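Overview (structure and organization)
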Amino acid sequence: MKKILSFVLFVGIALSAYADDVVFKAQAPNQVIAGRPFQLTYSVNQNGRDLRAPEFTNFDHLAGPYTSTRSSSSFVNGQHTSTFEQTYTFTLMAQRAGTYTIQPASIKVNGKEYQSNGVRIEVLPEDKEPQQSSAQGGQSNTNTPSGQSAGANGDIFVRTIVSKTRVHEQEALALTYKLYFVNVEGLQITNNIKLPEFTGFLKQEIEQTNLQAQLENYNGRNYQTAELYRFVLFPQRSGDIQIEPAHFEFMTQVRVQQRFRSIFDDYFDSYTNVPKGVTAQGITIHVDPLPNGKLAGYSGGVGSFTLTPSISKTDLTVNDAFTIKLTISGEGNMKLIKTPSIDWPEGFEAYDPQVKNNFNISKSGFKGSKTIEYPVIARNAGEYTIPPITFSYFDVNENTYKKLSSPEYTVTVRRGAGETSTSSTQPTMVSYTRKEDIKQLGSDIRYIDTKTPKTGKRNASLVEYGSAEFWLCFLFPLGISVILLIVLRKRIKENADLARVRYKHANKTAQKRLKAARAALKANDKDLFYSAIERAAWLYLSDRLSIPTAELNKDNIASILQQKGISEQLIAEVKNVLSTAEFARYAPSTDHAMEDLYRATTELINNLENQRI
């Protein structure tokens with residue numbers, strides 16, 4: 001009976017696998033280095049036969065295909081799920097630098113032929129023989145492209161890269177701090193970062209969700225790279241503007257040489273975290289003033305723009321509302337563009353324009369559109385002409401001023417029902433007091449009821465001038481204002497003390513990092529867990545003790561805590577957590593050990609919070 005059930009289960013799994021759509025795909029690194037082997041993998045989610053690989057032009061076929069099969073099956077809440085994957089792995093090596101495409105492969109599943117996707121691979125040149133670079137010690141490199149500078153520190157350095165070094169006032173330029181590293185283990189960036197003030201520029205940071213490392217061949221050597229910060233700068237004055245150097249700190253893992261070795265040393269190496277400071281060089285930007293000859297209606301715009309005007313209606317009655325809309329699209333310093341003005345005819349009641357920004361920051365500036373709506377009410381009957389609305393800007397592509405205009409609009413305003421006409425051909429003034437509330441237009445304008453209010457007896461609840469209630473109503477807000485001023489000044493003074501701010505928020509910041517460690521624990525990601533735990537403990541101690549992480553170690557932490565009157569037992573717990581977190585990353589561990597370390601770190605932070613440090 002058990003054999004029959006096993007057979008039925010096997011057949012069910014097989015049939016469910018074949019019932020799925022066939023997925024046949026190819027995978028390979030996006031970037032490889034010439035002369036170094038890499039793997040190209042073809043995978044199919046059903047049992048395939050007769051794989052036909054393409055010709056590997058520009059690549060040497062070193063080995064393969066190696067075939068492997070993987071399958072799994074599970075029942076959850078009465079529902080059966082199964083997976084199946086068959087893979088073919090080739091080992092290839094690129095012959096020369098360039099960008100190449102490996103054509104699709106084919107395979108047969110159930111007698112039907114399927115094709116994979118093609119693979120595009122960028123091949124970087126081989127490393128040249130290392131030379132003494134003039135970039136060492138933070139000096140400028142002669143091979144550095146124009147508009148870029150580099151600072152080096154061993155196998156780690158950060159370059160200051162700008163899109164251009166000569167711009168006009170208000171013209172956008174992109175600045176990137178890019179990290180390069182090779183042969184470095186456990187690289188992590190710390191919070192000890194000092195960026196320049198960017199004096200003379202309007203700064204806008206381009207947010208990055210996560211850092212993605214990529215290969216890049218720089219000065220004949222291949223590095224792992226990552227963009228640390230990206231900014232778009234808009235110079236606010238002409239002349240040479242100096243951008244100061246930026247300073248970064250990284251933690252690297254260095255193997256500790258053991259004086260006495262055992263047979264286990266090859267399996268359980270000991271590492272320690274070592275801080276390393278890196279400086280990205282400053283750079284000078286040459287800013288040219290905008291040329292003379294600005295056109296009428298110049299808005300301060302610098303970039304490349306288009307103008308799309310529209311009017312809601314041109315035939316209306318007295319006290320009707322309408323809008324003129326301008327949409328400015330393009331890229332440049334769109335955030336700084338002034339709102340164009342309209343010369344309204346007499347008899348029109350204009351309101352403040354409504355501005356809606358729909359643009360995003362990019363390396364060329366703000367890109368998108370700015371929509372301006374001008375709401376207005378026609379108060380007089382007649383025919384009116386609204387002159388063109390002009391918008392001029394400086395075009396950075398053609399190095400000249402350009403002028404954009406809306407058409408000339410003709411608006412006809414008719415009298416409402418019940419209004420008397422006059423024999424004059426001039427526009428008729430309408431009495432506002434005879435008009436009721438006008439209906440709401442969209443959500444921008446609510447019109448005022450112009451009826452004359454009814455008179456009546458004075459409200460007995462009004463406060464009499466000079467009475468006690470009058471002075472109380474006067475002095476009470478004044479007292480509240482004085483109290484708020486004192487509290488705000490105290491708050492500003494406290495926030496100016498950065499060390500005190502870090503001290504006050506140390507526990508809150510540590511809890512966020514412990515939350516990330518808890519998530520890694522649940523996902524059974526040991527590397528991420530131990531890294532998060534270690535980071536949470538070190539940075540918490542740095543914040544509470546107001547000491548940079550680069551100056552912290554287990555010995556001076558113990559000494560400082562002793563000076564502050566912390567018990568030996570709690571100091572021992574601090575050392576135990578730091579040591580366990582440091583060494584557990586490189587030794588086999590169990591889920592139970594990870595849970596114990598998480599609980600010990602949490603209790604340690606809670607215990608330290610109860611101490612007056």
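1. With respect to the side chain of Ser-43
Summarising the element assignment, Ser-43 is placed in strand E3 (residues 37-44). Looking at Ser-43, the relative accessible area reads 6%, which means it is buried. Beyond its immediate sequence surroundings of up to four residues, Ser-43 is in contact with Val-23, Phe-24, Lys-25, Glu-85, Gln-86 and Thr-87.

2. Thoughts on helix H6 (residues 554-563)
Taken together, the buried positions of H6 are occupied by Ile-557, Ala-558, Ile-560 and Leu-561. Looking straight down H6, one finds that the buried residues subtend no more than 165° of arc, so they occupy a single side. Of the exposed residues in H6, those oriented more than 90 degrees away from the buried face are Asp-555 and Gln-563. Directly after H6, the chain includes Gly-565, whose backbone phi takes a positive value near 85°.

3. Regarding the environment of Asp-60
The topology assignment puts Asp-60 in strand E5 (residues 59-76). Asp-60 sits 31 residues away from Thr-91 along the chain, and the two C-alpha atoms are 8.6 Å apart.

4. Examining helix H5 (residues 526-545)
Under the 1.5 Å per step criterion, the end-to-end length of H5 is 29 Å for 20 residues, consistent within 8% with the ideal 28 Å. Counting buried residues along H5, 16 of its 20 residues qualify, which places the element largely inside the surrounding structure.

5. Let's talk about the sheet that holds strand E32 (residues 409-414)
Spatial strand order, E24-E32-E29: 3 strands in an open sheet with mixed pairing. Two strands in the sheet have a free side with no partner beyond their single neighbour: strand E24 (315-317) and strand E29 (382-386). Across this sheet, the average inter-strand angle for adjacent strands is 30°, counted without regard to direction. Of the pairings in the sheet, the one linking E24 to E32 comprises 3 bridges and is parallel in character. Looking across to E32, one finds that Leu-316 is bridged to Val-413.

6. A short note on the confidence of the model for the chain
In this model, the chain carries an average pLDDT of 78, and 77% of its residues clear a pLDDT of 70 or more. Confidence scores differ between elements of the chain, with strand E11 (residues 148-153) showing the lowest mean pLDDT of 39 and strand E22 (residues 283-288) the highest of 94. Taken together, the stretch residues 131-154 has pLDDT below 50 and engages in 54 contacts with residues farther than four places along the chain or on a different chain. With pLDDT under 50 throughout, residues 422-443 is counted as low confidence; its partners more than four residues away or in other chains account for 35 contacts.

7. Brief notes about the nonpolar core
Phe-529, Ile-533, Leu-541, Ile-557 and Val-574 are the most contacted members of the largest nonpolar core, which totals 35 residues. Of all the secondary-structure elements, those providing two or more residues to this core are helix H4 (506-522), H5, H6, helix H7 (568-584) and helix H8 (591-609). For this core, the leading source of residues is H5, giving 10 residues. When residues no more than four places from it in sequence are discounted, the contact partners of Ile-533 are Leu-514, Ala-517, Ala-581, Leu-597, Tyr-598 and Thr-601. Listed in part, the 32 residues of the second largest apolar core include Leu-307, Phe-322, Ile-342 and Ala-378.

8. Regarding the packing of H5 against H6
Here H5 crosses H6 at 40°, and the two axes come no closer than 12 Å. Comparing the axis directions of H5 and H6 gives the class oblique. Pair H5 / H6 crosses with left-handed handedness. Residues Trp-538, Leu-541 and Leu-545 of H5 form the contact with H6, whose own contacting residues are Lys-554, Ile-557, Ile-560 and Leu-561.

9. So, the pattern of salt bridges
Scanning all chains against the criterion turns up 17 salt bridges. A salt bridge links Arg-36 to Asp-127, with the nearest nitrogen and oxygen atoms 3.0 Å apart. Placement of the pair is Arg-36 in the loop between strand E2 (31-33) and E3 and Asp-127 in the loop between strand E10 (119-124) and E11, with a sequence separation of 91 residues. The exposure class assigned to Arg-36 is partly exposed, which follows from its relative accessible area of 42%.

10. Re the sheet that holds strand E19 (residues 239-243)
Here we have 3 strands laid out as an open sheet, ordered E13-E22-E19, and mixed in their pairing. The open sheet has two free edges, formed respectively by strand E13 (166-168) and E19, since each of these has just one partner strand. The mean inter-strand angle of the sheet, taken between neighbouring strand axes irrespective of direction, is 35°. Of the pairings in the sheet, the one linking E19 to E22 comprises 5 bridges and is antiparallel in character. Bridge pairing links Ile-241 to Ile-285 in E22.

11. Some points on a nonpolar patch on the surface
On the surface, Leu-472, Phe-476, Ile-480, Ile-483, Leu-484, Val-487, Leu-488 and Ile-492 cluster together into a nonpolar patch covering about 820 Å² of accessible area. Summarising the element assignment, Ile-483 is placed in helix H2 (residues 468-496). Looking at Ile-483, the relative accessible area reads 51%, which means it is exposed.

Thresholds applied
- Residues numbered from 1 in each chain as written.
- Predicted model: local features only at pLDDT ≥ 70, side-chain atom pairs only at ≥ 80, totals over all residues.
- Heavy atoms only, no water.
- Helix = DSSP H or I, 4+ residues; strand = E, 2+ residues; numbered from the N terminus.
- Buried < 20%, exposed > 50% of the residue type's maximum accessible area, 1.4 Å probe, protein only.
- Contact = heavy atoms within 4.5 Å.
- Arc of directions from axis to C-beta.
- Expected span 1.5 Å × (residues − 1).
- Pairing = 2+ DSSP bridges.
- Axes fitted to C-alpha atoms, helices over the stretch in contact; angles between N-to-C directions.
- pLDDT = per-residue confidence, 0-100.
- Core = buried A, V, L, I, M, F, W, Y, C linked by side-chain atoms within 4.5 Å.
- Parallel < 35°, antiparallel > 145°, perpendicular 65-115°, else oblique.
- Left-handed = near helix turned anticlockwise from the far one by under 90°.
- Salt bridge = Lys/Arg side-chain N within 4 Å of Asp/Glu carboxyl O.
- Patch = residues over 30% accessible without salt bridge, like charges linked within 9 Å, V, L, I, M, F, W, Y side chains within 5 Å.
- Areas by Shrake-Rupley, 256 points an atom, 1.4 Å probe, with all protein chains shown as cover.

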